[in-house]
Amino acid sequence: MVPAGTHRGAGLGEVRLTGGFWGRLQETNAAATLDHCLAWMERLGWVENFDRVAQGTTGGHRPGWQFSDSEVYKLVEALAWEHGRTGDARVEAMLGGLVDRIAAAQDADGYLNTCYGHAGQPGRYTDLERGHELYCTGHLLQAAVARVRTVGEDLLVAVARRAADEVCREFGAGAREGLCGHPEIEVGLAELGRALDEPRYTEQARLFVERRGRGTLGPIPLLSPAYFQDDVPVREADVWRGHAVRALYLAAGAADVAVDTGDDELLAAVERQWSRSVERRTFLTGGMGSRHQDEGFGDDFELSPDRAYCETCAGVASVMVSWRLYLATGEVRYADLMERTFYNVVATSPRTDGRAFFYANPLQQRVAGADVRPDAENPRAEGGVRAPWFDVSCCPTNVARTLATWHLYAVSVDGDTVTLVQHAAGDVRVVLDDGGELALTVRTGYPRTGDVAVEVTGAPDRPVTLRMRVPHWADGARLTDPDGTAGPAAPGWAEVTRTFAAGDEVVLRLPVAPRLTWPDPRVDAVRGTVAVERGPLVLCLESVDLPAGVELEDVRLDVAAPLADDDDGARARGLALPPTGDGTGRPPFAAGPPNPGAGEPVELRLVPYQRWAERGPSTMRVFVPTA
């Protein structure tokens, strides 16, 4: 089964990061986050749930939510990719220990779940709306795909085959007309079908996609069918709605099905939904999901910075969708959104040491976050302080698997064209579709600096094309070819086609100086404000950087004054309003317009949003009122 998209991502071993922003995050993930996740899941009994099923001792209290199996599977996926990246024997041992325990819990017919279907538990598939059984299976299948891609078929893959076969028997054509309340089985089946060249799995994924949106799922109090994306068929929908992660996982699965079955109408539907959702329902950071009540999308332009939910998992899922659409179409806009989301959602979640995480990612924090409990599960944090673990810890494991695979999103190949989709320091050696290899060394301090130098270290004896992404914000970018000829590089793709020789160098210079970003006037919540960006980084003001006695809500930014570079942040001139409170108890409104020049001058330091709250609890805002 050959995917219809002409682009392919770099294969295992074709890209290796060498330090830099993402290389450091990958190393922290490997050295700290993977062990951290396993330790917490062992401590809380989430892994032991598999042992109880294997031993026949289920019943009574079962630790974790009904979907806790999925966190184990996401960690297994992260371990599989990490072992494929480094060959680390310790990682392989961690993975093998988990897989043995998972395999022991699988029923003879392939069913695998630790919350349903065994003594003292509800029956199989008795709560498709909330049970998450198929959701968990989907993550198991994605973990198996990682193993196929890195090692080949082994015990994990055999377990996944049996589980997928059971799903096909139970929910295939002519069988149960059901689907899962939380999409994920769709993308898991589609990926496994592609990896194993098994069209039955692709067809089952297609069936699940087509069943969605027809009112199949039963009602749940306070939640509409849109919460499950069960209100409108996928190919008829114009925008993402309902629970953000569910909507995006479904879109990723639909994109896979569309590409692998040649369904242009379905692919166009996902592209249409992407366009409207990005234009009207996506935050400056790339975050998606503006409502806390259902972790979901709001209406068009409902983008309040202080109530933004922007779940980390939604950021991961957004990358999954955009990557699929990029490979299918080659359009730069999808890669641009990936970059925005990578730097300002995915990289924001983990603490520098890789052992605490944001679940939600608001763009404004009005009250400094309270201290979290370092030795116990925390509620799903709504921003303010990163927590070591949550009672619903989907985000830490999602971050872990994404960072373990980040390098695989960096490069694509299409015929004799090699594209640097994301900019990072590293070594690239890709096999070209028409034969031969193109080998590159990328040197860059991006995003702190804007120069991306690409040295050719090996090339075939024929013309090939090196293509580099110029982000949409990069007006004034320039490209220098191996002959030393420099010229403008408009946003989009900058290309050099020639018969390269070892030692040839192409340099892309991106303008990463701080710049003002104005919100669309239809976004009511940020009218009269401005944000500051620097390269791909969204910047923010933190209370810890303000002079003593100045509160964050008192500050306005002077947009007439120039912005100054400050390493990877910026400095700006602002005004601090005088203290309020005259004892009259009047509401904070006045009959006349404010004096734009009122207030004391203050220097403002803006730092990358992805580092906020690293220096302790603070208040923070991305959009700053203008003076």
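Preceding this paragraph is the structure being described.
The structure reproduced in this document is the subject of the present report.

Reading guide: rules and limits
Residues numbered from 1 in each chain as written. Predicted model: local features only at pLDDT ≥ 70, side-chain atom pairs only at ≥ 80, totals over all residues. Heavy atoms only, no water. Helix = DSSP H or I, 4+ residues; strand = E, 2+ residues; numbered from the N terminus. Contact = heavy atoms within 4.5 Å. Areas by Shrake-Rupley, 256 points an atom, 1.4 Å probe, with all protein chains shown as cover. Lys, Arg positive; Asp, Glu negative; His and termini not counted. Charge placed at Lys NZ, Arg CZ, Asp CG, Glu CD. Axes fitted to C-alpha atoms, helices over the stretch in contact; angles between N-to-C directions. Parallel < 35°, antiparallel > 145°, perpendicular 65-115°, else oblique. Left-handed = near helix turned anticlockwise from the far one by under 90°. Nonpolar A, V, L, I, M, F, W, Y, C, P; charged D, E, K, R; others polar. Phe/Tyr/Trp six-rings, centres within 6.5 Å; stacked < 30°, edge-to-face > 60°. Buried < 20%, exposed > 50% of the residue type's maximum accessible area, 1.4 Å probe, protein only. Pairing = 2+ DSSP bridges. Expected span 1.5 Å × (residues − 1). Polar contact = N/O pair within 3.5 Å; in protein donor to acceptor, adjacent residues only side chain to side chain. Salt bridge = Lys/Arg side-chain N within 4 Å of Asp/Glu carboxyl O.

1. Some remarks on the overall build of the chain
(1) Moving on: Within the chain, the regular secondary structure consists of 13 helices and 22 strands.
(2) Moving on: The C-alpha extent of the chain, read off along each of the three principal axes, is 75 × 75 × 45 Å.
(3) Moving on: The contacts in the chain between residues at least 6 apart in sequence include a share of 68% that link residues at least 24 apart.
(4) Moving on: Summing over all exposed atoms, the chain offers an accessible surface of approximately 23000 Å²; the carbon and sulfur share of this is 51%.
(5) Moving on: On the chain, the mean spot of the 64 positive side-chain charges and the mean spot of the 90 negative ones are 2 Å from each other.

2. Structural notes on the packing of helix α1 (residues 20–43) against helix α3 (residues 68–86)
(1) Moving on: Where α1 contacts α3, the two axes come as close as 11 Å, and the packing angle between them is 150°. When the interaxial angle is binned, α1 and α3 end up roughly antiparallel. The chirality of how α1 crosses α3 is left-handed. Two secondary-structure elements touch here, α1 through Gln-26, Glu-27, Ala-30, Leu-34, Cys-37, Leu-38 and Met-41 and α3 through Glu-71, Val-72, Leu-75, Ala-78, Leu-79, Glu-82 and Arg-85.
(2) Moving on: Considered class by class, the residues forming the contact of α1 with α3 number 9 nonpolar, 1 polar and 4 charged.

3. A few points about the packing of aromatic side chains
(1) Moving on: All told, the structure shown has 24 aromatic pairs when counted by the stated rule.
(2) Moving on: Aromatic pair Trp-22 and Trp-406: ring centres 4.8 Å apart, planes at 10°, arrangement stacked. Highlighted residues: Trp-22 in helix α1 and Trp-406 in the loop between α13 (394–404) and β4 (411–414), separated in sequence by 384 residues.
(3) Moving on: Classification of Trp-22 by relative accessible area gives buried; the value is 2%.
(4) Moving on: One aromatic cluster is present, formed by Phe-21, Trp-22, Trp-323, Tyr-326, Phe-342, Tyr-343, Trp-406, Tyr-409, Tyr-446 and Trp-493 through successive ring pairs.

4. Quick word on the pairing of strand β19 (residues 569–576)
(1) Moving on: Buried residues dominate β19, accounting for 6 of its 8 residues.
(2) Moving on: Here 3 bridges tie strand β17 (residues 555–557) to β19, and the two strands are oriented antiparallel to one another. Bridge pairing in β19 places Arg-556 opposite Leu-575.
(3) Moving on: The pairing of strand β18 (residues 564–566) with β19 spans 3 bridges and is antiparallel. Looking across to β19, one finds that Asp-566 is bridged to Gly-569.
(4) Moving on: Between β18 and β19, which pair antiparallel in sequence order, lie 2 residues; one of them, Asp-567, sits at a positive phi of approximately 60°.
(5) Moving on: Pairing of β19 with strand β20 (residues 600–608) involves 7 bridges; the strand directions are antiparallel. Bridge pairing links Arg-571 to Arg-605 in β20.

5. Comments concerning the sheet that holds strand β5 (residues 417–420)
(1) Moving on: On the basis of which strands lie adjacent, the open sheet formed by 5 strands has the order β1-β4-β5-β9-β12 and mixed pairing. Where the open sheet ends on each side, the last strands, each with one partner, are β1 (8–9) and β12 (492–498).
(2) Moving on: Relative to strand β9 (residues 464–470), β5 is paired through 4 bridges, and the arrangement is parallel. Across the sheet, Leu-420 pairs through a bridge with Met-468, a residue of β9.

6. Quick look at helix α6 (residues 155–171)
Because an α-helix completes one turn every 3.6 residues, residues spaced three or four positions apart along the sequence face the same direction.
(1) Moving on: Over its 17 residues, α6 runs 24 Å from end to end, which matches the ideal 24 Å to within 8%, given 1.5 Å per residue.
(2) Moving on: Every buried residue of α6 is accounted for by Leu-156, Val-157, Val-159, Ala-160, Ala-163, Ala-164, Glu-166, Val-167, Cys-168 and Phe-171.
(3) Moving on: Buried-residue contacts for α6 involve α3, α4 (89–104), α5 (133–150), α7 (185–196) and α8 (199–211).
(4) Moving on: The N-cap residue of α6 is Asp-154: its side-chain oxygen and the backbone nitrogen of Leu-156 are 3.2 Å apart.

7. What to know about the sheet that holds strand β10 (residues 478–480)
(1) Moving on: Read from one edge of the open sheet, 7 strands run β2-β6-β7-β8-β13-β10-β11, paired in antiparallel fashion. In this open sheet, the two edge strands, each paired with only one partner strand, are β2 (15–17) and β11 (486–488). Taken pair by pair, the neighbouring strands of this sheet meet at an average axis angle of 15°, ignoring direction.
(2) Moving on: When strand β8 (residues 451–458) meets strand β13 (residues 505–509), the two strands line up antiparallel, connected through 5 bridges. Within β13, the position partnered with Ala-453 by the bridge is Val-507.

8. Looking at the packing of α3 against α5
(1) Moving on: The N-to-C vectors of α3 and α5 enclose an angle of 10°; their axes lie 8 Å apart at closest approach. Compared by their axis directions, α3 and α5 come out roughly parallel. Facing α3, whose interface residues are Asp-69, Ser-70, Tyr-73, Lys-74, Val-76, Glu-77, Ala-80, Trp-81, His-83 and Gly-84, α5 presents Tyr-135, Cys-136, His-139, Leu-140, Gln-142, Ala-143, Ala-146, Arg-147, Arg-149 and Thr-150.

9. A short note on the pairing of β13
(1) Moving on: As judged from the 3 bridges shared by β10 and β13, these two strands associate in the antiparallel manner. Bridging across to β13, Arg-478 finds its partner in Arg-509.

10. Points about the pattern of salt bridges
(1) Moving on: Summed over all chains, the structure comprises 65 salt bridges.
(2) Moving on: The salt bridge involving Asp-433 is made with Arg-8; its shortest N-O contact spans 3.7 Å. Here Asp-433 is found in the loop between β6 (426–431) and β7 (437–444), whereas its partner Arg-8 is found in strand β1, with 425 residues between them in sequence.
(3) Moving on: Taking the relative accessible area as the measure of exposure, Asp-433 reaches 42% and is therefore partly exposed.
(4) Moving on: Look at Arg-8 and you get partly exposed, because its relative accessible area is 26%.
(5) Moving on: Arg-85 serves as the salt-bridge partner of Glu-82, at 2.7 Å between the closest nitrogen and oxygen. With a gap of 3 residues between them, Glu-82 and Arg-85 both fall in helix α3, about one helical turn apart.
(6) Moving on: On the basis of relative accessible area, Glu-82 is assigned to the buried category, the value being 2%.
(7) Moving on: Of the residues examined, Arg-85 reaches a relative accessible area of 23% and is grouped as partly exposed.
(8) Moving on: Here the residues in one salt-bridge network are Glu-542, Asp-545, Asp-566, Arg-571, Glu-603, Arg-605 and Arg-615, joined through shared partners.

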